[in-house]
Amino acid sequence: MKGTLNDSILLNYVLAHSFDEIFIANASGMVLYTSQSTEKVFGIPCDQIVHHNIFDLEKKGIFSPSVIANVLRTKKKDTFIQETKHGRKLIISGYPIYDSSGELTGAMSVSRDVTEFEYLKKENEQVAKALQSYQKEIAELKKQSVNTFLLRNRKMEKVFDVASRVAKLGVTVLLDGESGVGKNHIAQMIHQMSDREKNPFIEVNCGAIPESLFESELFGYEEGAFTGSKKGGKKGYFEAAGEGTLFLDEIGELPMNLQVKLLSVLQNQTLMRLGGRKKIEVKCRIICATNQNLENLIKERKFREDLYYRINVVKIEIPPLRERKEEIIPLIYEITEEMNRKYRMTKYFTPRMIAWLNQQSWPGNVRELRNYIEKKVITSSSNEIEFEEEDEGDGNVMSLNSKELLLDDYIETLEKEYINRMFQKYPSSIKLAEKLGISQSTANRKIRKYVQKGSHY
């Protein structure tokens, strides 16, 4: 019937258009059929294969080894990888052919050229190795990286140079500078450039922890050490830091009795938890920071001289922002970009506003600048942040301008500026009250009025 396919035509069509190379041989090994693509893969014309014995072809090395010959010998299916003389790589599977009575009548094989796959696999492996190498290079660059503003000033170049050299040495470092200059940033930078970068970086403000809790927080405690202690005890900051870095900020605020214990830890590299008897090895690196003159505190018998020399192995003095004015504009851009990422905004300062910000003294240093920029980014109604008259008398940004004020307003503005500045140095109501000679309740009231409503420190 017209348009009808018989079995022979259909079989030939399937064999001719198969993606794989197909061999068929009878029980004696005579090749009955091979795909037209065989010549491309093996480099041999089909007429030199068909009607030739597979065992002879194997001996000549044309197929070495031959999966069909192996199947005819073993009467079992077989699969292996074969490489041709022309460098093509094939996965070949051979199958025995039986008649209805179970008699072996021949064998067939199906070959798939995987040369391109092998090439892509090798390329992928090379890309993976290159990527791994690049990742190592990037990690190394991250270790050595530093914000651009740190290198725009000769004094800060020196700070970075010393920090990068001591980073890998593991020695105790003392960071000295006014409040807000970025001591914690330098401490983190030292940690990131060191071999400890994958371990914890623990920051502790010695002036923010009540004296009654400081020992248990710093050194940890055992179960039952005091009323209310946690079951099983608790690790202190030294243990929590592991083999990383413990950053003790405002070290000058450390009580005298704890200075003795800290000195013992630094000397012996061991500690004992509160209520414990077992010595625990200290493996972390210590970085200390202060905004006070520790040598004066030594004279006033408020800081131990032996501890000072123990923490002052390498001292890095960080200059205030007023001594590195060239950094202010780059800082404005960097902090604005940081705040835009943080709050998912696209705010920017106008040239006039940037020029005005650059003229300010910023007594609170980078911290004050950061707080001011964050406030403006959050509170501005448009993406463009323009200079406004109210900016002239904004909090700590500017000293009192020439506007005429009522006496009460003048005094309140002075008080606000002073309280904010002192709170940066003494960030607790107890210490602020002690330094200003006022009661703690009065200190709390002024903090709520002037600090918590304004910039946060």
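Residues numbered from 1 in each chain as written. Predicted model: local features only at pLDDT ≥ 70, side-chain atom pairs only at ≥ 80, totals over all residues. Heavy atoms only, no water.

Some points on the overall build of the chain
Thinking step 1. The number of helices and strands found in the chain is 18 helices and 14 strands.
Thinking step 2. Expressed as a percentage of its 457 residues, the buried residues of the chain come to 42%.
Thinking step 3. Partitioning the intrachain contacts of the chain with sequence separation of at least 6 by distance along the chain shows that 62% fall at a separation of at least 24.
Thinking step 4. Accessible surface computed for the chain: about 26,400 Å², of which carbon and sulfur atoms make up 50%. (Helix = DSSP H or I, 4+ residues; strand = E, 2+ residues; numbered from the N terminus. Buried < 20%, exposed > 50% of the residue type's maximum accessible area, 1.4 Å probe, protein only. Contact = heavy atoms within 4.5 Å. Areas by Shrake-Rupley, 256 points an atom, 1.4 Å probe, with all protein chains shown as cover.)

A closer look at empty space enclosed by the protein
Thinking step 1. Under the counting rule described, the total for this entry stands at two cavities of 30 Å³ or more.
Thinking step 2. There is about 100 Å³ of room inside the largest cavity.
Thinking step 3. Among the residues making up the lining of the largest cavity, the classes are represented as eight nonpolar, four polar and no charged. (1 Å grid on protein atoms, 1.4 Å probe; cavity = no way out; pocket = protein on both sides within 12 Å on 5 of 7 lines; lining within 4 Å. Points joined across faces, edges and corners; volume = space filled by probe spheres on them. Nonpolar A, V, L, I, M, F, W, Y, C, P; charged D, E, K, R; others polar.)

Describing the layout of surface pockets
Thinking step 1. Each pocket or cavity is described by its volume, and for the second largest pocket that value is around 480 Å³.
Thinking step 2. In terms of lining, the second largest pocket is formed by 23 residues, of which the most central are Glu211, Glu253, Pro255, Lys431 and Glu434.
Thinking step 3. For the lining of the second largest pocket, the secondary-structure elements that each account for two or more residues are helix 8 (211-219), helix 10 (256-268) and helix 17 (429-436).
Thinking step 4. Counting residues per element, the lining of the second largest pocket draws most heavily on helix 17, which supplies five residues.
Thinking step 5. In the lining of the second largest pocket, the residues fall into eleven nonpolar, six polar and six charged.

A look at the pattern of salt bridges
Thinking step 1. Tallied over the entire structure, the rule returns 18 salt bridges.
Thinking step 2. Residues Arg273 and Glu239 are paired through a salt bridge, measuring 2.8 Å at the closest nitrogen-oxygen approach. Here Arg273 is found in the loop between strand 9 (270-271) and strand 10 (280-281), whereas its partner Glu239 is found in helix 9 (residues 237-241), with 34 residues between them in sequence. Accessibility assignment for this pair places Arg273 and Glu239 in one class, buried.
Thinking step 3. Here the salt bridges share partners, and the residues they tie into one network are Asp176, Lys315 and Glu317. (Salt bridge = Lys/Arg side-chain N within 4 Å of Asp/Glu carboxyl O.)

Considering the confidence of the model for the chain
Thinking step 1. Of the residues in the chain, 82% have a pLDDT of 70 or more, and the chain-wide mean is 82.
Thinking step 2. Ranking the helices and strands of the chain by mean pLDDT puts strand 8 (residues 245-249) first, with 97, and helix 1 (residues 7-16) last, with 62.
Thinking step 3. Contacts of residues 145-150 to residues separated by more than four positions or lying in other chains number 17 contacts, the stretch itself having pLDDT below 50.
Thinking step 4. Below a pLDDT of 50 lies the segment residues 398-405, which in the model reaches twelve contacts outside its immediate sequence neighbourhood of four places, other chains included. (pLDDT = per-residue confidence, 0-100.)

Side note on the sheet that holds strand 8
Thinking step 1. Strand order across the open sheet formed by five strands is 7-8-11-6-12, with parallel pairing between neighbours. Looking at which strands have only one partner, the edges of the open sheet turn out to be strand 7 (201-205) and strand 12 (314-317). Across the sheet, the mean angle from the axis of one strand to that of its neighbour is 20°, orientation sign disregarded.
Thinking step 2. Alignment of strand 6 (residues 173-176) against strand 12, held across four bridges, turns out to be parallel. The residue of strand 12 that forms the bridge with Leu174 is Lys315. (Pairing = 2+ DSSP bridges. Axes fitted to C-alpha atoms, helices over the stretch in contact; angles between N-to-C directions.)

Overview of the sheet that holds strand 3 (residues 78-83)
Sheet strands pair via backbone hydrogen bonds, and the direction of the pair is either parallel or antiparallel.
Thinking step 1. On the basis of which strands lie adjacent, the open sheet formed by five strands has the order 2-1-5-4-3 and antiparallel pairing. Only two strands of the sheet have a single partner each, and these edge strands are strand 2 (31-34) and strand 3. Here the average twist between neighbouring strands, direction ignored, is 20°.
Thinking step 2. Of the pairings in the sheet, the one linking strand 1 (residues 21-26) to strand 5 (residues 104-113) comprises six bridges and is antiparallel in character. Note that in strand 5 the partner of Ile22 across the bridge is Val110.
Thinking step 3. Against the sheet, helix 4 (residues 67-74) makes contact with strand 1, strand 3, strand 4 (89-98) and strand 5, and its axis sits at roughly 145° relative to strand 5, the strand it touches most.

Thoughts on the environment of Glu368
Thinking step 1. Along the chain, Glu368 turns up in helix 15 (residues 365-379).
Thinking step 2. Assessed through its relative accessible area of 4%, Glu368 is described here as buried.
Thinking step 3. Through-space distance from the C-alpha of Glu368 to that of Gly180 is 7.0 Å; in sequence the pair is 188 residues apart.

Here we look at the packing of helix 17 against helix 18 (residues 440-451)
Thinking step 1. Following both chains from N to C, one finds helix 17 and helix 18 inclined at 110°, their axes separated by 8 Å at the closest point. The orientation of helix 17 relative to helix 18 falls into the category roughly perpendicular. Residues Ser429, Ile430, Leu432 and Ala433 of helix 17 lie in contact with helix 18, whose contacting residues are Gln440, Ala443, Asn444 and Ile447.
Thinking step 2. Tallied by class, the residues present in the contact of helix 17 with helix 18 amount to five nonpolar, three polar and no charged. (Parallel < 35°, antiparallel > 145°, perpendicular 65-115°, else oblique.)

Describing the packing of helix 6 (residues 154-167) against helix 7 (residues 183-193)
The relative placement of two packed helices is expressed as an angle between their axes plus a distance between the axes.
Thinking step 1. Two elements in contact, helix 6 and helix 7, have axes separated by 8 Å at closest approach and are oriented at 40°. Between helix 6 and helix 7, the interaxial angle falls into the category oblique. Of the two possible hands of crossing, helix 6 and helix 7 adopt the one that is right-handed. Across the interface between the two elements, Met156, Val159, Phe160, Ala163, Ser164 and Ala167 of helix 6 pack against Ile186, Met189, Ile190 and Met193 of helix 7.
Thinking step 2. Tallied by class, residues from the contact of helix 6 with helix 7 come to nine nonpolar, one polar and no charged. (Left-handed = near helix turned anticlockwise from the far one by under 90°.)

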